[in-house]
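Coordinates in review
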There are 2 protein chains.
Amino acid sequence: MSQLESTAQPLSDAERARFLTALGAILAGESLLHDAEELRPYECDGLSAYRTLPLAVALPATLEQLQATLKICHQMQIPVVARGAGTGLSGGALPHSEGLLLSLAKFNQILEIDQANLSARVQPGVRNLAISEAVAHLDLYYAPDPSSQIACSIGGNVAENSGGVHCLKYGLTLHNVMEVNIVTIEGELITLGGASLDSPGYDLLAAIVGSEGLLGIIVEVRVKLIPKPATIQVLLAAFNQLNDAGSAVAAIIAAGIIPAGLELMDKLSLQAAEDFVHAGYPTDAAAILLCELDGAEAEVGQQVEEVRQLLQMHGANEVRLARDEQERQQFWKGRKAAFPAVGRLAPDYYCMDGTIPRSRLSEVLEKMAQLSEQYQLPVANVFHAGDGNLHPLILYDANNDGELEKAEQFGGDILELCVAVGGTITGEHGVGIEKINQMCVQFNNLELLQFHALKAAFDPSGLLNPGKAVPTLHRCAEFGAMHVHHGELPFPDLPRF
Amino acid sequence: MSQLESTAQPLSDAERARFLTALGAILAGESLLHDAEELRPYECDGLSAYRTLPLAVALPATLEQLQATLKICHQMQIPVVARGAGTGLSGGALPHSEGLLLSLAKFNQILEIDQANLSARVQPGVRNLAISEAVAHLDLYYAPDPSSQIACSIGGNVAENSGGVHCLKYGLTLHNVMEVNIVTIEGELITLGGASLDSPGYDLLAAIVGSEGLLGIIVEVRVKLIPKPATIQVLLAAFNQLNDAGSAVAAIIAAGIIPAGLELMDKLSLQAAEDFVHAGYPTDAAAILLCELDGAEAEVGQQVEEVRQLLQMHGANEVRLARDEQERQQFWKGRKAAFPAVGRLAPDYYCMDGTIPRSRLSEVLEKMAQLSEQYQLPVANVFHAGDGNLHPLILYDANNDGELEKAEQFGGDILELCVAVGGTITGEHGVGIEKINQMCVQFNNLELLQFHALKAAFDPSGLLNPGKAVPTLHRCAEFGAMHVHHGELPFPDLPRF
C-alpha cells in the first residue's frame, strides 16, 4: 500500500519556470504570486510555530481557472495545499516548500439563499459570520460558531469540521452542511450530498467534511440555516471545587437538558479573563460554569429554573442569571477573551484540543494537574464542558532552554490521556501537522491503512496536502518506537475502552 | 476502473463441497444451512418480488467464527450478503445464487448501557425496539423508529441508514450512532467513529452508515440514547385541499418549529386507514396532517397553540388535539396501519420512497396525479411531510397482463421526478436491488466512479453484496440508452438544480 506521504522532489530551476509559465497562462498578474516577499503572508496559518514558504500562491477567481490550475499540478505532480482564511490552529494550511498554495479567497460570494428549504449555497471563501449576517433579516442564522467566526471561512470550516460554543446543541460543521462541491486533483467537479434529508450511495459528504484538504478542493457549500431562538438566557455559576463544576455538567445533561452552550473555566483562566476584560466573574471561585439556554420563552424559563436547582444541588455557591442582553454579552466576553487573557500570564502558551467522554472529566482534570506538576508548567483550562471538548492552555516561555519542547511533550501527553480514557485527540481544531503523531496513538495500523485506501480513492498520487492529518505507517513506527519503547502503553493505570 | 459487479462464476460441485466443508469446520450443525428447504426462509427480504436461494446460510455466534467465515469466502472468492432481520424494503438482503448469506441473528446481545455518556453498545442483531425497552427504566430511548421497529435489527438500520416518523426532529440512523465495529471481507476488525463528539481522520463511520452491506460486516454499534420527552402532544388537522396541507407543512417549519413528527395522508390513504382501524379520521377530508410536538411541558403547550393557528391560517377546516395518551395512540394507529390498509384496496401495491425539497411538494404531488392518469394506476400518498420524504403507494393487480411492469415504470418515473426537482431516489429504505437503475439518474459517471473507488478501498474484489446499491457504469449505459433515447432528460419542463 502506498504511504501517500509527499514524495515530491525539489524542482529544478527549469521545471519551476515551466510550472510558473503554465500557471501564468491561466492566472493573470496578481492572481499568481511567487516572489518571496509576496509569499511571506502565506507562510503559516494560526499555528504559527510552523512556517514554510510555498513555491507559489495561486488565487483563482473562477471555477475554470481553479480546475485548470489543478490539472497543471496533477500533470506536473506538484503538491497542492488549499487555504481559506488561514485561521486554522493545527497547521492544516501550512504550505509545502515544493508545492502550490491554493487560496480560495476570491471564491467569496453567497450564491443563493433558499428560505423555504432553510439553506444557503455559498462559495468556500465566504466568512462564517457573513452567512448569518446575510440571513439575519429572515430571522435565520448558521449555527456553528468557531471563536474565529469573524474571520474564518466556510471552506476552512468544512475542511476542519469546525465546532464552537454552540455545537453541543447544534452540532459540528458536519451536522450543518447538506451538500459540498469539490474539484479533484484531476480537475473534475463532483457533487457530494444533496439538498434533501438522505442521499443514496456512500456518504462521501461526511468523508469530505473534516478531511483537511487531503481529498479535494471545496468549491461550493450548501449550509443549513436555522431559525433564531426567540429567547436566550445565560446562567453563571461559581464553584469552590473544580470537581463539583464537572459533576454539575454531567447532572444537567443527565436531566435531559441540552444547553445551547455549557462552558467551564478554571481558576487560572477565569482570573486571567476577569483581569483582562472585567466580565464580572467571581475571582475567588475555583471554577465557573456558563450555561446558555435558548428556545421558546416558556421552555427557556422552565429550563433556567431546573438548571439553577441542579447547579445548587451540585455545590455551586453562587448562581447568577444575566439580567439583560448586555449582561449576557458581558458574561460571554470573558469566555471569548479567555485565550488572549491567559496569553498575558506567560510569554507563550500552547492551546490543546482534545475530547473525552463527559463521565471521565474529573479524572482527566486530576491527571492533568499531576502532569502540570511533573513538567513544572502551569496549565489553564477553558472548555466546552457539555461535549467533553477540552482546551488546556499550557503556559511556557520559549526563551527558556527546552521549554517549548517540554510544552509540546506535555501537550502530547494530554492528547494520549484523552485517547486512553476513550476520547479523541481533537474536538474541533483538526489534526493538521500539529497532532499527526498522536494519530498513531488513536488508530491502529489497519485503521490507518483504511484511511490511506480512502485517500488513494480520491487522490492516488498523494498530491493534496501531503504530510498532514493522516500519518504514514512509517511515521507511526518511528513515533511508536520512541514512545512505547518498553512495550508499555501510555497511562497503563487507567482503564481502557 | 473495476466495475465491482459480481463476477462470480457458478461453482463446480467439487468447489461447492470444498466450500461447505471449510465452513463446516467452523460452524457447527444448525449454524450452517445448505438444504434447499432450510434456505427457503432466506430467499428474500421485505422486497419479496425478488427471490433467490443462496449457496448456503451461515449463522456465526462469535466474532471469531464470523472472521473465519469471511476469510474463507475471501480466499475462495465467494460473494457474501449480510442479513439482519430481513425487513428491508429495497432488496438489500436478497441472496446471491453463488454466494453465502451471512445472518447476524445470533449477534443479539446488548453489551453495555452507559448512562453517564448517554450511549449503549449493542450487537447488530439486537432489535431496534429492544434497545429502547432496555433503557426505559432510565427514562432514555433510542430515537430512530422505522415502522418495522418491533422486528428490524440495529445492524440493518445502520446498513440502510433507516429513518422513521421521528427523524424530522431526531435525525436518521446516521445521526444516532457514534461508533461502529466492522469486519472486512479479509476478516479484519476495524473501529470507525468513537465515543466522543468528533473523531479525527476521515469520517468513515458516515461512509459505513447506509452502505448497504457493500463495505464491511457490522459487528457492533454504539448508539446514542436520548432522554424521553416530558410531554408529547399530537394535533390532527383536516384539509379540503391537498395543496393547503402542503403549505401548512412549509409554514410550520418556516416558523422555526421542528415537530417530532409531521405526517401527511391523502384522501385515498386516510379513507383506507379509517376503514381498516377506525382511527377517528375525518373521511370527507382531501388530506390530513398529524403533527406531534414533544419536549418540556411549557414549550409543548406554547407550540401546540402556534401550530394550531398556522394550520387554521393555511386552510385547515378542523384541528383536533388528542385529549389523552389513548387518543394520541389512536391517531397514530391509522398512520401506522396505512400501508396494510391501502393494501386492501388492490391485489398488489408498490411502495416507493423518495425525498424532495419541501418547497417543491405541491408541484410533485400534481405531477404524480398526472402520471397516475397516464398509467391508469391509482396512487395513495402517505408521507413524512416535514422532511419531504414521500411514500407513494402504487396500486395494481399483478394478475393483469403487464400491470406489474407498468407499476414499476410508474415508480421509476416518480423517482426520476424526485431527482429532477433536486431530491433523491431514497429517503430511508435504501437503494438495494430495487432502485439501482435510478442511481444512474441521480449520479453522473464521475460520481459513480468515486463510489467505486471507495468500494475498492474496502472490498477490492467486490465480494460484499455485489449488484446492489451502486450500479456499474455498464449498467447505467444500458439503462441510459433505454431511458434517454432521444437525448432528452426526463421531465424537461421542470427547472433543474
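Within each chain, residue numbers correspond to sequence positions counted from 1 in written order. Throughout, the order in which chains and ligands are written sets their labels, letters from A for the former and numbers from 1 for the latter. For this predicted model, a pLDDT threshold of at least 70 governs which residues receive local features, and a threshold of 80 or more governs which side-chain atom pairs are given and counted, while totals over whole chains, interfaces and linings are taken from all residues. For the side-chain quantities, the full set of heavy atoms in the structure was used; hydrogens and water were omitted.

1. A word on the overall build of chain A
Helix and strand counts for chain A come out as 17 helices and 20 strands. Atoms considered for the radius of gyration are the C-alpha atoms alone. The globule rule reads 2.2 Å times the number of residues to the power 0.38. In summary, chain A has a C-alpha radius of gyration of 23 Å against a globular reference of 23 Å for 497 residues, a match within 12%. Across its three principal directions, the C-alpha atoms of chain A cover 70 × 60 × 45 Å. Looking at chain A as a whole, 60% of its 497 residues qualify as buried. Every residue pair with non-hydrogen atoms within 4.5 Å of one another is taken to be in contact. For chain A, contacts bridging at least 24 residues in sequence account for 72% of all contacts bridging at least 6. A run of H or I in DSSP becomes a helix once it reaches four residues, and a run of E becomes a strand once it reaches two; helices and strands are each numbered from the N terminus. Think of it in three bands: with a 1.4 Å probe and only protein chains considered, a residue is buried below 20% of the maximum accessible area for its type, exposed above 50%, and partly exposed in between.

2. Considering unusual backbone geometry
Its identity as a non-glycine residue notwithstanding, Asn465 of chain A has a phi of 50°, on the positive side. Note on placement: Asn465 of chain A falls in the loop between α16 (445-458) and α17 (473-483).

3. Some thoughts on the interface of chain B and chain A
With 65 residues of chain B in contact, the opposing surface of chain A contributes 65 residues. For this analysis, a salt bridge means a side-chain nitrogen from Lys or Arg found within 4 Å of a carboxyl oxygen belonging to Asp or Glu. On inspection of chain B and its partner chain A, the count reaches 0 salt bridges. Between N or O atoms, a polar contact is any pair within 3.5 Å; within protein, one atom must be a potential hydrogen donor and the other a potential acceptor, and residues adjacent in sequence are included only when both atoms are from side chains. At the surface where chain B touches chain A, the tally comes to 8 residue pairs in polar contact (both at pLDDT 80 or more). For the side of chain B that touches chain A, the secondary-structure elements that each account for two or more residues are β9 (189-193), α7 (204-208), α10 (297-313), α15 (439-442) and α16 (445-458) of chain B. Examining the composition of the side of chain B that touches chain A, we find that 9 residues originate from one element, α16 of chain B, more than from any other. Residues are grouped as follows: Ala, Val, Leu, Ile, Met, Phe, Trp, Tyr, Cys and Pro are nonpolar; Asp, Glu, Lys and Arg are charged; every other residue, Gly included, is polar. Taken together, the residues of the side of chain B that touches chain A sort by class into 34 nonpolar, 20 polar and 11 charged.

4. Overview of the sheet that holds strand β2 (residues 56-58) of chain A
Residues and elements named next belong to chain A. The 4 strands are arranged β1-β2-β4-β3 in an open sheet whose pairing can be described as mixed. Each edge of the open sheet is held by one strand with a lone partner, namely β1 (32-33) and β3 (80-83). Where β1 lies against β2, 2 bridges are found, and the strand directions are antiparallel. By the bridge assignment, Leu33 is partnered in β2 with Val57. The rule for pairing is simple: two strands pair if DSSP sees at least two bridges between them.

5. Section: the environment of Asp266 of chain B
Residue and element names in this part refer to chain B. Position of Asp266 relative to the elements: it lies in strand β13 (residues 261-266). Along the sequence, Asp266 and Ala287 sit 21 residues apart, while their C-alpha atoms lie 4.3 Å from each other. Filtering out sequence-adjacent residues up to four positions away, Asp266 remains in contact with Leu242, Ala286, Ala287, Val379, Ala380 and Asn381.

6. Structural notes on the pattern of salt bridges
All names here are of chain A. Taken as a whole, this structure holds 33 salt bridges over all chains when the rule is applied. For Glu363, the salt bridge identified is with Arg360, shortest N-O distance 2.9 Å. Each of the salt bridges in this network shares a partner with another, and the network as a whole consists of Arg40, Glu43 and Arg51.

7. Some details on the relation of the copies chain B and chain A
Copies overlap after least-squares fitting; the atoms used are the C-alpha atoms of residues with pLDDT of at least 70 in both. If you rotate chain B by 180° and push it 0.0 Å along the axis, it lands on chain A with an RMSD of 0.0 Å. Both copies are brought into coincidence by an operation consistent with a two-fold rotation axis. Closest to the rotation axis within chain B is the C-alpha of Glu299 of chain B, separated from it by 2.3 Å. Comparing contact sets, 100% of the residues at the interface of chain B also lie at the interface in chain A, consistent with an isologous, same-surface contact.

8. Topic: the packing of aromatic side chains
All names here are of chain B. Only the six-membered ring of Trp is used, alongside the rings of Phe and Tyr, when aromatic pairs are assigned; centres must lie within 6.5 Å, and planes under 30 degrees apart are stacked while those over 60 apart are edge-to-face, with the rest tilted. As enumerated under the stated definition, the model contains 8 aromatic pairs over all chains in all. On the numbers, 6.4 Å between centres and 80° between planes, the contact of Tyr141 with Tyr170 is edge-to-face. Taken together, the positions of Tyr141 in strand β7 (residues 140-141) and Tyr170 in helix α6 (residues 167-170) put the pair 29 residues apart, joining distant regions of the chain. For the pair formed by Tyr141 and Tyr170, the shared burial category is buried.

9. Considering the domain arrangement of chain A
Residues and elements named next belong to chain A. What fixes the domain bounds is an automatic or database domain assignment. We note that the domain assignment places domain 1 (13-103), domain 2 (110-227), domain 3 (231-341) and domain 4 (346-486) within chain A. Using only C-alpha atoms to locate each centre, domain 3 and domain 4 end up separated by 28 Å. Taken residue by residue, the interface counts 16 residues in domain 3 and 18 residues in domain 4. In this description, buried area is defined as the sum, over both parts, of the accessible area (probe of 1.4 Å) that is lost when the two are combined. Summing both partners gives a buried area of about 1400 Å² for domain 3 against domain 4, and 68% of it is carried by carbon and sulfur. The interface formed by domain 3 and domain 4 includes 0 salt bridges.

10. What to know about the sheet that holds strand β6 (residues 119-122) of chain B
Across a sheet, strands are paired by hydrogen bonds formed along the backbone, either parallel or antiparallel in direction. Residue and element names in this part refer to chain B. Read across the open sheet, the 5 strands follow the order β5-β6-β10-β8-β9; overall the sheet is antiparallel. The sheet terminates laterally at β5 (110-114) and β9, the two strands that pair on one side only. Averaged over neighbouring strand pairs, the angle between their axes works out to 15° when direction is ignored. In this sheet, strand β10 (residues 217-224) lies alongside β6 in antiparallel orientation, the contact comprising 4 bridges. Residue Val122 lies in a different strand from β10, and its bridge partner there is Val221. Angles run from 0 to 180 degrees between N-to-C directions of axes, and those axes are lines fitted to C-alpha atoms, restricted for helices to the stretch in contact. Against the sheet, helix α4 (residues 128-135) contacts β5, β6 and β10, and its axis sits at roughly 45° relative to β5.

11. Points about the pairing of strand β20 (residues 392-396) of chain B
All names here are of chain B. In terms of burial, β20 is largely enclosed, as 5 of its 5 residues are buried. The side-chain alternation of β20 yields two buried faces, one formed by Pro392, Ile394 and Tyr396 and the other by Leu393 and Leu395. Pairing of strand β16 (residues 348-351) with β20, which is carried by 4 bridges, proceeds in the antiparallel orientation. Considered in β20, the bridge of Asp348 is made with Tyr396. Of the pairings in the sheet, the one linking strand β18 (residues 379-384) to β20 comprises 3 bridges and is antiparallel in character. Its bridge partner being in β20, Val379 is matched across the sheet by Ile394.

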